[in-house]
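What follows is the residue order along each chain.
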Amino acid sequence: RIPDGIHPREKFVIKVQGGGDTVPIMVYDESQTCEFTLGPGTPGFTEVLAEIRKEPAWGDRKTFMKASFDDEGNCTVYPSRTGVKAKYSW
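Residues numbered from 1 in each chain as written. Predicted model: local features only at pLDDT ≥ 70, side-chain atom pairs only at ≥ 80, totals over all residues. Heavy atoms only, no water.

Chemist: I'm lost on the packing of aromatic side chains in this one. Help?
Modeler: In this description, a pair of aromatic rings is defined by centroid distance and the angle of the planes. Tallied over the entire structure, the rule returns one aromatic pair. Their ring planes at 5° and their centres at 6.0 Å tell us that phenylalanine 12 and phenylalanine 69 sit as a pair that is stacked. On the criterion of sequence distance, the pair formed by phenylalanine 12 in strand E1 (residues 12-17) and phenylalanine 69 in strand E4 (residues 62-69) is long-range, its members being 57 residues apart. Judged on exposure class, the residue phenylalanine 12 and its partner phenylalanine 69 are both buried. The positively charged end of lysine 11 is found above the aromatic ring belonging to tyrosine 78, 4.7 Å away from the centroid. (Phe/Tyr/Trp six-rings, centres within 6.5 Å; stacked < 30°, edge-to-face > 60°. Helix = DSSP H or I, 4+ residues; strand = E, 2+ residues; numbered from the N terminus. Buried < 20%, exposed > 50% of the residue type's maximum accessible area, 1.4 Å probe, protein only. Lys NZ or Arg CZ within 6 Å of the ring centre and 35° of its normal.)

See below:
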């Protein structure tokens, strides 16, 4: 579901956490009104996992990305649009 205070097509920050090739990736926003998992084999899973593994600050297990919802409620995650990851701490 779209996070509180966010409008369709507006980008917002999400945290993504994953452990490996066979473990679903947890995705949620700071308010946790937007929560879902991205399972192995799902479109985008490999790309998101690759970005998680590039982030040594959290043991290659989590990072932050941008996402948005369209008018129909479909979520798009932007793995390469993370901004300054170090500024997020939740």
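Chemist: Is there a simple way to think about the pairing of E1 in this case?
Modeler: A regular strand places its side chains so that they alternate between the two faces of the sheet. Counted residue by residue, E1 has five buried out of six residues, so it is predominantly covered. Pairing geometry for E1 and E4, over six bridges, is antiparallel. Pairing of valine 16 across the sheet is with threonine 63, part of E4. Relative to strand E2 (residues 25-29), E1 runs antiparallel, the two being bridged by four bridges. Looking at the pairing, lysine 15 lines up with tyrosine 28 of E2. (Pairing = 2+ DSSP bridges.)

Chemist: Could you clarify how one ought to interpret the sheet that holds E2 in this entry?
Modeler: Strand pairing in a sheet takes place through backbone hydrogen bonds and is either antiparallel or parallel in direction. Strands sit in the order E3-E2-E1-E4-E5 across an open sheet of five strands; the sheet is antiparallel. Lying at the two open borders of the sheet, with one neighbouring strand each, are strand E3 (35-38) and strand E5 (75-78). Strand-to-strand twist in this sheet, taken as the mean axis angle between neighbours without regard to direction, amounts to 35°. Here helix H1 (residues 45-53) sits on the sheet in contact with E1, E2, E3, E4 and E5, set at roughly 140° to E4. (Axes fitted to C-alpha atoms, helices over the stretch in contact; angles between N-to-C directions. Contact = heavy atoms within 4.5 Å.)

Chemist: It is not clear to me how the pattern of salt bridges should be interpreted in this structure. Could you clarify?
Modeler: For side chains bearing opposite charge, pairing can occur when the charged atoms are close. Evaluation of the coordinates by the stated rule reveals four salt bridges. Among the salt bridges present, the one from aspartate 21 reaches arginine 53, with a minimum N-O distance of 3.1 Å. Separated by 32 residues along the polypeptide, aspartate 21 in the loop between E1 and E2 and arginine 53 in helix H1 bring together distant segments of the chain. By relative accessible area, aspartate 21 is classed as exposed at 51%. Two residues, glutamate 51 and lysine 54, come together in a salt bridge whose shortest N-O distance is 2.9 Å. When its relative accessible area of 15% is taken as the criterion, glutamate 51 is described as buried. (Salt bridge = Lys/Arg side-chain N within 4 Å of Asp/Glu carboxyl O.)

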